[in-house]
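# Observations on the model geometry
Now for the letters of each chain:
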Amino acid sequence: MKAIKVVSIIFIVLGALLFIVGFLFKIMHWPDIFKGYYSGPILFFIGFILLMIFISKNKTE
């Protein structure tokens, strides 16, 4: 169960970092291979959903 928590935190951090890098690349008009401006929030929300699943499963146990 702790693996879900670790993975969700990693996804949240990576999503936030990708969004920041994507935003910086968009401001500077540089090409962005990962499209961080779009893929960052997606990873962030996946991590957030996994964290909510972890919290809800811990409450029921």
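Above this text is the structure in question.
My aim in this report is to walk through the structure given alongside it, one point at a time. (Residues numbered from 1 in each chain as written. Predicted model: local features only at pLDDT ≥ 70, side-chain atom pairs only at ≥ 80, totals over all residues. Heavy atoms only, no water.)

A tally of helices and strands in the chain yields two helices and zero strands. Here the C-alpha atoms of the chain give a radius of gyration of 14 Å, more than 25% beyond the 10 Å that 2.2 N^0.38 yields for 61 residues. Overall, the chain is about 50 × 15 × 10 Å in size when its C-alpha atoms are taken along their principal axes. Out of the 61 residues in the chain, the part that is buried amounts to 16%. Long-range pairs, those at least 24 residues apart, make up 63% of the contacts in the chain with a sequence separation of at least 6. (Helix = DSSP H or I, 4+ residues; strand = E, 2+ residues; numbered from the N terminus. Rg over C-alpha atoms; globule rule 2.2 N^0.38 Å. Buried < 20%, exposed > 50% of the residue type's maximum accessible area, 1.4 Å probe, protein only. Contact = heavy atoms within 4.5 Å.)

Orientation of helix H1 (residues 2-28) relative to helix H2 (residues 36-60), taken along the N-to-C sense of each, is 160°, at an axis distance of 7 Å. On the basis of their axis angle, the class for H1 and H2 is roughly antiparallel. Of the two elements, H1 crosses H2, and the hand of that crossing is left-handed. Residue composition of the contact of H1 with H2, grouped by class: 19 nonpolar, seven polar and three charged. (Axes fitted to C-alpha atoms, helices over the stretch in contact; angles between N-to-C directions. Parallel < 35°, antiparallel > 145°, perpendicular 65-115°, else oblique. Left-handed = near helix turned anticlockwise from the far one by under 90°. Nonpolar A, V, L, I, M, F, W, Y, C, P; charged D, E, K, R; others polar.)

Locating Phe11 in the fold gives a position in helix H1. Phe11 sits in the partly exposed class, given a relative accessible area of 26%. Between the alpha carbons of Phe11 and Ile46 there is a distance of 7.0 Å; along the sequence they are 35 residues apart. Non-local contacts of Phe11, meaning those with residues more than four positions away in its chain, are made with Leu43, Phe44, Ile46, Gly47 and Leu50.

In the structure shown here, the tally under the stated rule is six aromatic pairs. Aromatic side chains Phe19 and Tyr37 sit 5.4 Å apart centroid to centroid with 20° between the ring planes, which places their arrangement in the stacked category. Separated by 18 residues along the polypeptide, Phe19 in helix H1 and Tyr37 in helix H2 bring together distant segments of the chain. Classification of Tyr37 as partly exposed rests on a relative accessible area of 29%. Ring centres of Tyr37 and Tyr38 lie 5.7 Å apart, and the angle between their planes is 80°; on these two criteria the pair is classed as edge-to-face. By way of ring pairs, the aromatic residues Phe19, Phe23, Tyr37 and Tyr38 are connected into one cluster. (Phe/Tyr/Trp six-rings, centres within 6.5 Å; stacked < 30°, edge-to-face > 60°.)

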